[in-house]
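Notes for the structure review
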Amino acid sequence: MKFSWKRNLIVLWLGVFFCSTAYSISIPFMSIFLSDQLGVTEHLELWSGISFGITFLASALISPFWGSLADKYGRKPMLIRSGFSLAALYFINFFVQDPYVFVIVRIFQGLLAGFVPAAIAMVATNTPEEKTGYALSIMATSGATGSIIGPLIGGVVSYYSSNRSAFLFSAVIVLVSALIATFFAKEENYDRSAPRSHVRDDIREAAHNPAFMTLLSLAGIATFSVMILEPLLPIYLLDMGVSRDSASLSSGIVFSAVGIATVIMAPQWGKLGSRKGFGLILFIGLIGGGIGNILQYFVTGYVEFAVLRFVYGLFYAGVLPSVNAMIVQSIDPGFRGRAFGLNQAATQLATMAGPIIGGLLGGLIPIRWVFVVNGVLLLVAAVLVKTRRLEAKVEAIREKAVSAALPG
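Each chain has its residues counted from 1, running along the sequence as written. The predicted nature of this model means local features are confined to residues of pLDDT at least 70 and side-chain atom pairs, given and counted, to a pLDDT of 80 or more, with totals for whole chains, interfaces and linings taken over all residues. To get the side-chain values, take all heavy atoms of the structure and skip hydrogens and water.

1. Here's the deal with the overall build of the chain
The cut-off we apply is this: Each helix is a run of H or I in the DSSP string that is no shorter than four residues. Each strand is a run of E no shorter than two, and both are numbered from the N terminus. Throughout, the radius of gyration refers to the C-alpha atoms, and the reference size of a globule is 2.2 Å times the residue count to the power 0.38. For each residue, the accessible area found with a 1.4 Å probe, counting protein chains only, is set against the maximum for its type, and the residue is called buried under 20%, exposed over 50%, and partly exposed in between. In what follows, a contact means two residues having at least one pair of non-hydrogen atoms within 4.5 Å.
In terms of helices and strands, the chain carries 18 helices and zero strands. In terms of overall size, the chain behaves like a compact globule, its C-alpha atoms giving a radius of gyration of 20 Å where 408 residues would be expected to give roughly 22 Å. Dimensions along the principal axes, computed over C-alpha positions, put the chain at roughly 70 × 40 × 35 Å. Relative to its full complement of 408 residues, the chain shows a buried share of 57%. Within the chain, contacts between residues separated by at least 24 positions form 88% of all contacts whose residues are at least 6 apart in sequence.

Put into structure tokens, the structure is as follows:
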């Protein structure tokens with residue numbers, strides 16, 4: 001390669017870090033923003049779920065199209081498009097006064113999003129094969145670090161100013177991501193002369209790869225398990241006795257606990273996965289995440305809850321990086337942009353469904369029971385990894401690709 005993959009990894013790490021920070025500054029406190037700033041007093045859980053989920057439904061529907069464009073024209077243009085668009089939309093959110101208008105803006109955020117998956121696909125395509133798993137684990141720490149810093153910034157801004165002001169901070173920070181992508185990201189491994197595929201053909205090709213389809217399902221399940229709780233955590237903290245005045249700041253600390261755990265453990269899981277296999281890491285992460293969720297049912301204090309979220313995060317940190325690494329191993333390099341576009345569609349559908357179902361469940365059953373449902377879901381996913389012999393299938397695909405690349 002004409003450029004250092006390590007330098008590119010650092011640049012893209014920074015881009016995803018700022019993009020994730022911008023997201024997590026304002027999004028975790030959306031239920032409080034809806035009630036205090038937009039005047040939603042009835043069915044707050046449902047409004048929160050819809051406001052969360054509608055963005056990701058729009059993103060899921062459009063992301064295979066962006067993935068197709070990425071394989072044709074490169075991932076860097078997708079980074080630039082998404083970064084500047086999101087900066088403008090966060091800025092618009094600052095002025096919104098009506099909850100229906102807020103939902104419309106959230107739809108456009110979904111249609112024009114895609115910075116993080118484009119960055120992941122760019123790393124996967126422009127990194128040596130033997131370093132890809134490690135690089136993707138490092139990329140996981142960028143989003144996690146942003147999820148640590150963002151809620152803390154958002155909590156402080158909300159506490160001393162308002163939730164509305166947090167959108168201005170998000171706009172400025174995601175603009176930094178766009179500028180980083182524009183001036184510093186480098187990409188070489190794509191072929192502009194190749195014809196652009198159609199989404200229907202991409203889905204058909206993916207359907208003929210059972211291992212890849214299983215990985216898409218696991219990515220969706222893992223994402224759903226996180227997002228089903230996202231609109232409920234601030235409300236759950238209020239139920240624990242946290243005062244409404246400090247709810248945003250307390251929510252920021254709880255959200256950050258999982259991010260801190262991911263920063264600590266994701267690189268370690270990546271190194272271990274390179275030696276022992278990412279299927280094993282995926283299985284351990286799902287088992288630990290499932291048990292960790294179930295244990296949260298028994299916690300009644302805010303501090304204990306934050307500590308247990310941290311321990312849960314230590315295990316969960318290995319899940320999505322392992323899925324991404326195994327996706328790289330299970331597909332042809334020329335299909336990676338489209339593969340991660342489909343992966344984004346799966347995760348965004350899960351991100352859409354999670355808050356909506358979480359909001360509905362939060363209105364029907366005590367929130368602590370949602371943790372039990374979530375934990376059982378992850379344990380079922382762990383069983384799926386073993387019963388489908390996923391790692392063996394991915395390894396067989398990888399070995400076949402290596403043999404096909406050998407001369408003669």
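2. Remarks on the packing of helix H1 (residues 5-26) against helix H4 (residues 76-93)
For any two helices packed against each other, the geometry is given by the interaxial angle and the distance between the axes. Just so we agree on the cut-off: Comment: axis = line fitted to C-alpha atoms, over the contacting stretch for helices; angle = value between 0 and 180 degrees taken between N-to-C directions. Here the word oblique covers every angle except those under 35 degrees (roughly parallel), over 145 (roughly antiparallel) and from 65 to 115 (roughly perpendicular). Crossing handedness is defined as follows: a turn of the near helix away from the far one that is anticlockwise and smaller than a right angle gives a left-handed crossing, while the clockwise case is right-handed.
Following both chains from N to C, one finds H1 and H4 inclined at 25 degrees, their axes separated by 12 Å at the closest point. Between H1 and H4, the angle falls in the class roughly parallel. The hand of the H1/H4 crossing is left-handed. Here Leu-12, Cys-19, Ala-22, Tyr-23 and Ser-26 of H1 lie close against H4, whose contacting residues are Leu-79, Leu-86 and Tyr-90.

3. Focus: the nonpolar core
Filter applied, for reference: Only buried Ala, Val, Leu, Ile, Met, Phe, Trp, Tyr and Cys residues count toward a nonpolar core, and they belong to the same one when joined by side-chain atoms within 4.5 Å.
Phe-212, Leu-282 and Leu-286 are the most contacted members of the largest nonpolar core, which has 85 residues in total. Leu-282 has contacts with Leu-218, Val-319, Ser-322, Val-323, Met-326, Val-385 and Leu-390, leaving out every residue within four places of it along the chain. Residues Phe-224, Leu-233, Tyr-236 and Leu-237 belong to the second largest nonpolar core, which totals 19 residues.

4. A word on the packing of aromatic side chains
Quick reminder of the rule: Note on aromatic pairs: the rings of Phe, Tyr and Trp (six-membered ring only in Trp) are paired at centre separations within 6.5 Å, and the planes decide the class, stacked below 30 degrees, edge-to-face beyond 60, tilted for the rest. Whether a charge sits over a ring depends on NZ of Lys or CZ of Arg being within 6 Å of the ring centre and within 35 degrees of the ring normal.
Throughout the structure, instances matching the rule amount to 13 aromatic pairs. Taken together, a centroid distance of 5.7 Å and an interplanar angle of 75 degrees make the contact between Phe-305 and Phe-371 edge-to-face. Of this pair, Phe-305 sits in helix H14 (residues 302-316) while Phe-371 is found in helix H17 (residues 367-387), placing the two residues 66 residues apart along the sequence. For Phe-305, a relative accessible area of 0% translates into the label buried. Feature note: the residues Trp-13, Phe-17 and Phe-18 constitute an aromatic cluster, connected by ring pairs. The ring of Trp-66 carries the charged tip of Arg-81 above its face, separated from the ring centre by 3.7 Å.

5. Thoughts on the environment of Ser-63
Residue placement: Ser-63 occurs in helix H3 (residues 44-73). Exposure remark for Ser-63: the relative accessible area of 1% places this residue in the buried category. Not counting the four nearest positions on each side in its chain, Ser-63 is found in contact with Gly-341, Gln-344 and Ala-345.

6. Some remarks on a nonpolar patch on the surface
Rules: Residues enter patches when their relative accessible area tops 30% and they take part in no salt bridge; the joining distance is 9 Å for like charges and 5 Å for the nonpolar side chains Val, Leu, Ile, Met, Phe, Trp and Tyr. The protein chains shown are the only cover counted for residues, whose accessible areas, like all others here, come from Shrake-Rupley with a 1.4 Å probe. What makes a salt bridge here is a side-chain nitrogen of Lys or Arg within 4 Å of a carboxyl oxygen of Asp or Glu, nothing more.
Residues Phe-84, Leu-175, Leu-179, Phe-183 and Phe-184 make up a contiguous nonpolar surface patch of about 460 Å² in total accessible area. Element by element, the count of residues in the nonpolar patch is highest for helix H8 (residues 163-183), at three residues. Structurally, Phe-183 can be placed in helix H8. According to the relative accessible area criterion, Phe-183 is exposed, its value standing at 55%.

7. A short note on the packing of H1 against helix H7 (residues 132-160)
Formally: Under the scheme applied here, ten amino acids are nonpolar (Ala, Val, Leu, Ile, Met, Phe, Trp, Tyr, Cys and Pro), four are charged (Asp, Glu, Lys and Arg), and all others, including Gly, are polar.
At a closest axis distance of 7 Å, the pairing of H1 and H7 adopts a crossing angle of 30 degrees. With respect to H7, the axis of H1 lies roughly parallel. Both H1 and H7 take part in a crossing whose hand is right-handed. Each residue belonging to the contact of H1 with H7 can be placed in one class, and the counts come to 13 nonpolar, eleven polar and no charged.

8. Describing the side chain of Thr-214
Secondary-structure assignment places Thr-214 in helix H10 (residues 210-227). Those residues within four positions of Thr-214 in sequence are excluded, and the remaining contacts are Leu-384, Arg-388 and Leu-390.

9. What about the environment of Gly-270?
Inspection of the secondary structure puts Gly-270 in helix H12 (residues 247-276). Assessed through its relative accessible area of 0%, Gly-270 is described here as buried. Remark: the alpha-carbon pair of Gly-270 and Gly-318, spanning 48 residues in sequence, is separated by 7.5 Å. Excluding its chain neighbours within four sequence positions, the residues that come into contact with Gly-270 are Ser-137 and Phe-278.

10. Structural notes on the environment of Ile-120
Tracing the sequence through the fold places Ile-120 in helix H6 (residues 115-125). With sequence-adjacent residues up to four places away left out, Ile-120 is seen in contact with Leu-136, Asn-324 and Phe-340.

11. Digging into the confidence of the model for the chain
Defined as follows: What pLDDT conveys is the predictor's confidence in a given residue, as a value from 0 to 100.
Scored by pLDDT, the chain comes out at a mean of 81, with 91% of its residues at no less than 70. Mean pLDDT per element in the chain: helix H18 (residues 390-405) is the minimum at 66, and H4 is the maximum at 92.

12. Digging into the side chain of Thr-223
You can see Thr-223 is positioned in helix H10. Once you skip the residues sitting within four places of it in the chain, Thr-223 turns out to touch Tyr-316, Leu-320, Thr-347, Ala-350 and Thr-351.

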